[in-house]
Amino acid sequence: MEETKQVSECEMLCIIQQCSDMEESSDFYDVYDTDIHPPWSDHQHLSPEDPENVECLRRKIKYYFMNPCEKYHARGRKPWKLILQIIKIAIITIQLVSFGLSNQMVVTFKEENLMTFKHLFLKDYVDGSMDTYAVYRQADVYDHIDYIIKQYGLLHNITVGNHEYEKNGANFTPLSMCQEFYRNSTIYPENETFEIDAQVETECIEVYPMHWPSLLPHINLHFKRMLSVKIMFDLKAINLQTVRYRELPDCYHFKVVITFNNQAHSGRIKVDLENDVEINECRDWKVTGASARNIYLTVLFDCLIIVTCITSFTLCTRSVLNGIQLQFEYTLSCRKHSGREVPWSDRLEFVNGWYILIIVSDTLTIIGSILKIEIQTKVLTSYDVCSILLGTGTMFVWIGVIRYMGYFRKYNILILTLRAAFPNVIRFICCAGIIYLSYCLCGWIVLGPYHEKFRTLNTVSECLFSLINGDDMFPTFKNMTQKSSLVWLFSRVYLYSFVSLFIYMILSLFITLITDTYDTIKQQQQSGTPTSELQRFLSECKDLPNSGVYRLDKSNTCFFNCCMSRCKKPEERMTSEA
């Protein structure tokens, strides 16, 4: 009698310990609705004579697919995941808006300085004429070079900004002019003969701001074999507009490059001006009349976002692993009881794509926040990579909101339609993409010499995509030159066939594909008939979330038996199976 009492107490302690472990392991990690009970039942020992374990597995899977409200009724858990998601969306959006406003001032300052340099150093420059800005005579080339050098030397007297020469010690850095040309060439177009050495040589001269008048007589350009002339100089400026927003001004280092491009040797030398910008923290500064914003508070806020995203990343990764683990349990149960394999469509149901999206979003946001901290501390100055990471991460976070809208029936049908139609849409796009690529290649090689929109593969693709959407149709037809009647006739056949094929056939089939999927999903929802083996398996469980069977206590027969099977020794399990 005493021995039986000791065994009973041992079993009860084991049951309490197992259930306590299950409750502790699922308390905090229910944040993302991915809490599935740890595998307390050993499905390797399931048998047809043990329906309790099958029912236990069915309830576990059903609980896994419940929405937050159902889980709250099932186990009384508060929807922590919804609170965390709202907080994360709020702080990430605030971070993005703050970074966007700061980036906007940087971009505005760089663009306006680029426009200023074009007006200061390019002779007779007019806004918007950069694509057609060129010189055609030798005298014009010398005149433009002389104009640039003079403007550089008179910068102090002509600029309305705070531009200044870069200093190298006690002296200003010079302007550098480099000419690239073939080593030797003898060209006789009248006799259709030439001799050329393709080796490229470079000659450079330097001009200091205070000595520009004495340079022009020493410039000798080899027009017959000249490839390009590049004039390079450095300027510095301070972006003072940030003071109004209680941010410390940054010091900018502009590396200006003016290029006279003669590589085509067509008699037209294109002129272009570009500048590379480096942003540095000013060495010495003093601001009065305004309190500077504490940069450490912004860095602390970014660190808070990083910690939040790391927590979210950890929980979502754990949730994905738990779903995969539950899928293995379900697959093993089906193999043991019915001897059949679970189709991949049912297996993929356990891998929630929303969690994958959150993991990718958290990864991008973490990396972007780290780069943002480095930009704020002036370690890095590349806004582009940081903008792409933070922008894409925020976009994915907001797309994740659709997950919660899917809990409502009217919104859920739209999400189910997108998910069901996605495989067919990808196959459809692959087939249509092959036809689209064939038109791009054909239009580029045939119409390229006669139409500006078909000069490169990139512009061809943009033009055809605009035609699919009904944009810019008439100019595309009209701007085709009529130098060759054969090519003009081919262009008409080419454009009419493309528009007819893609707008009247392919685009209509694409819309029909989405519509048919929508109708199918709508009929399935109205009939309520399970459409997969997994749904039929779960439909046998009639327990409602508020029935109380999902709570972890001794009164629940399913969980009680599962805990008992955990506490049994291996010898006892083998005996019971026998």
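Quick note: structure is the one above.
Okay, so let's go over this structure.

Parameters and conventions
Residues numbered from 1 in each chain as written. Predicted model: local features only at pLDDT ≥ 70, side-chain atom pairs only at ≥ 80, totals over all residues. Heavy atoms only, no water. Disulfide = S-S within 2.5 Å. Helix = DSSP H or I, 4+ residues; strand = E, 2+ residues; numbered from the N terminus. Expected span 1.5 Å × (residues − 1). Buried < 20%, exposed > 50% of the residue type's maximum accessible area, 1.4 Å probe, protein only. Arc of directions from axis to C-beta. Core = buried A, V, L, I, M, F, W, Y, C linked by side-chain atoms within 4.5 Å. Contact = heavy atoms within 4.5 Å. Salt bridge = Lys/Arg side-chain N within 4 Å of Asp/Glu carboxyl O. Axes fitted to C-alpha atoms, helices over the stretch in contact; angles between N-to-C directions. Parallel < 35°, antiparallel > 145°, perpendicular 65-115°, else oblique. Left-handed = near helix turned anticlockwise from the far one by under 90°. Nonpolar A, V, L, I, M, F, W, Y, C, P; charged D, E, K, R; others polar. Pairing = 2+ DSSP bridges.

### Quick word on the state of the cysteines
Okay, step 1: This model, assessed by the stated rule, comprises 1 disulfide.
Okay, step 2: Here Cys-178 pairs with Cys-204 through a disulfide, and the sulfurs are 2.0 Å apart. Taking the sign of the S-S torsion, 115° for the link of Cys-178 and Cys-204, the bridge is right-handed. Of this pair, Cys-178 sits in strand β5 (residues 175-188) while Cys-204 sits in strand β6 (residues 193-207); the two residues are 26 residues apart in sequence, bridging distant segments of the chain.

### Observations regarding helix α13 (residues 457-468)
Okay, step 1: In this model, α13 (12 residues) spans 17 Å end to end at C-alpha, consistent with the 16 Å of a helix rising 1.5 Å per residue.
Okay, step 2: Taken residue by residue, α13 has Val-460, Cys-463, Leu-464, Leu-467 and Ile-468 as its buried positions. The arc enclosing the buried residues of α13, seen along the axis, measures out at 145°, which places them on a common side. In α13, the exposed positions that point more than 90 degrees away from the buried face belong to Asn-458 and Phe-465.
Okay, step 3: Phi turns positive, to about 80°, at Gly-470, one or two residues after α13.

### Some points on the nonpolar core
Okay, step 1: Counting 47 residues, the largest nonpolar core has Phe-121, Ile-145, Ile-231, Phe-233, Ile-258 and Phe-260 as its most contacted members.
Okay, step 2: Contributing elements (two or more residues each) for this core: α4 (80-121), α5 (138-153), β5, β7 (226-238), β8 (250-261), β9 (269-281), α9 (353-376) and α10 (383-399).
Okay, step 3: The contact partners of Phe-260, leaving out residues within four places of it in the chain, are Val-135, His-144, Ile-145, Ile-148, Leu-227, Ser-228, Val-229, Ile-231, Ile-269, Lys-270 and Val-271.
Okay, step 4: Judged by nonpolar contacts, the second largest core, of 19 residues, contains Ala-432, Leu-447, Phe-477 and Leu-495.

### Concerning the pattern of salt bridges
Okay, step 1: Going through the model one piece at a time under the given rule, you end up with 9 salt bridges.
Okay, step 2: A salt bridge links Asp-362 to Lys-88; the shortest N-O distance between them is 2.8 Å. One end of the pair, Asp-362, is in helix α9; the other, Lys-88, is in helix α4, and 274 residues separate them in sequence.
Okay, step 3: Owing to a relative accessible area of 0%, Asp-362 belongs among the buried residues under this scheme.
Okay, step 4: One salt bridge connects Lys-150 with Asp-146, and the closest N-O pair in it is separated by 3.3 Å. Of the two residues, Lys-150 and Asp-146 are both situated in helix α5; the distance of 4 residues between them amounts to about one turn of the helix.
Okay, step 5: Overall, the relative accessible area of 34% leaves Lys-150 in the partly exposed class.
Okay, step 6: Sharing partners across several salt bridges, the network here consists of Arg-183, Asp-197 and Glu-201.

### Describing the packing of α9 against α10
Okay, step 1: Where α9 contacts α10, the axes come no closer than 8 Å and their chain directions differ by 150°. Judged by the angle between their axes, α9 and α10 are roughly antiparallel. Where α9 crosses over α10, the handedness of that crossing is left-handed. Facing Trp-354, Leu-357, Val-360, Ser-361, Leu-364, Thr-365, Ile-367, Gly-368, Ser-369, Leu-371, Lys-372 and Ile-375 of α9, the residues of α10 in contact are Tyr-383, Val-385, Cys-386, Leu-389, Leu-390, Thr-392, Gly-393, Phe-396, Val-397 and Ile-399.
Okay, step 2: Of the residues in the contact of α9 with α10, the class split is 15 nonpolar, 6 polar and 1 charged.

### Topic: the pairing of β7
Okay, step 1: Here strand β2 (residues 164-165) pairs with β7 via 2 bridges, running antiparallel. Residue Glu-164 lies in a different strand from β7, and its bridge partner there is Lys-236.
Okay, step 2: Bridge count for β5 against β7 is 6 bridges, and the pairing is antiparallel. By the bridge assignment, Cys-178 is partnered in β7 with Lys-230.
Okay, step 3: Pairing geometry for β7 and β8, over 11 bridges, is antiparallel. Paired with Ser-228 across the two strands is Asn-261, which belongs to β8.

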